[in-house]
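Observations on the model geometry
Chain by chain, the residues run as shown.
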Amino acid sequence: MKKLLIPALAVAVASAALPAAAQSYGHNNGPSRGHGYEQNYGGWNAIAQRKHNLDRRIDQGVRTRQLSRREASRLQDELNSLVRLERQYQRGGLTRWERQDLDRRYDRLSAKVRYERNDYNGRRH
């Protein structure tokens, strides 16, 4: 009886794991690397999440004095401009090109925030 139970249990465990292993964890829409995509929904992650993350990073940079008020204001203006562009694109429904364009722009702005937070505002370390 035990000799039959162990292989049956192994088959049951393996068959339960196969659907999870076959699930796609890749990125649905090409070279954008999924930064703006919510994998659970397979669609575009709303303005709110990316805006919230960048807002938080800018505010944190001001609080820790990694960003000057002028740098933060300029970065915030860029973010607001990007949010307006995204809303404009969404009016007719986002095309693949528009999603990729927004993804690149969000990535560029994120890199600017990272750079500005680490540039010591012209001071020596």
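For the structure, check the block above.
Residues numbered from 1 in each chain as written. Predicted model: local features only at pLDDT ≥ 70, side-chain atom pairs only at ≥ 80, totals over all residues. Heavy atoms only, no water.

Check the secondary structure of the chain and you find 4 helices and 2 strands. Along the chain direction, N to C, the helices and strands of the chain fall in the order α-β-β-α-α-α. Counting over 125 residues, the chain shows a buried share of 31%. In the chain, once contacts between residues fewer than 6 apart in sequence are set aside, the share between residues at least 24 apart is 65%. For the chain, the accessible surface area stands at approximately 9100 Å², while carbon and sulfur atoms represent 53% of it. (Helix = DSSP H or I, 4+ residues; strand = E, 2+ residues; numbered from the N terminus. Buried < 20%, exposed > 50% of the residue type's maximum accessible area, 1.4 Å probe, protein only. Contact = heavy atoms within 4.5 Å. Areas by Shrake-Rupley, 256 points an atom, 1.4 Å probe, with all protein chains shown as cover.)

Here Lys 112 is to be found in helix α4 (residues 96–117). Residue Lys 112 is classed as partly exposed on the basis of its relative accessible area of 37%. When the C-alpha atoms of Lys 112 and Leu 75 are compared, they prove to be 7.9 Å apart, with 37 residues separating the residues in sequence. Once residues within four sequence positions are removed from consideration, Lys 112 is found in contact with Leu 75 and Glu 78.

With the rule as written, the count across this model stands at 7 salt bridges. We note a salt bridge from Glu 116 to Arg 74, for which the minimum N-O separation is 3.0 Å. Of this pair, Glu 116 sits in helix α4 while Arg 74 sits in helix α3 (residues 69–90), and the two are 42 residues apart along the sequence. Accessibility expressed as a relative area gives 12% for Glu 116, which makes it buried. Taking relative accessible area as the criterion, Arg 74 reaches 37% and is therefore assigned partly exposed. The network of salt bridges with common partners includes Arg 74, Glu 78, Lys 112 and Glu 116. (Salt bridge = Lys/Arg side-chain N within 4 Å of Asp/Glu carboxyl O.)

Bringing the nonpolar core into the picture now. One finds Leu 54, Ile 58, Leu 75, Leu 79, Leu 102, Tyr 106 and Leu 109 to be the most contacted residues of the largest nonpolar core, which totals 16 residues. The set of elements that each furnish at least two residues to this core consists of α2 (47–63), α3 and α4. (Core = buried A, V, L, I, M, F, W, Y, C linked by side-chain atoms within 4.5 Å.)

Fair warning: the whole summary comes from geometry, so function is off the table for now.
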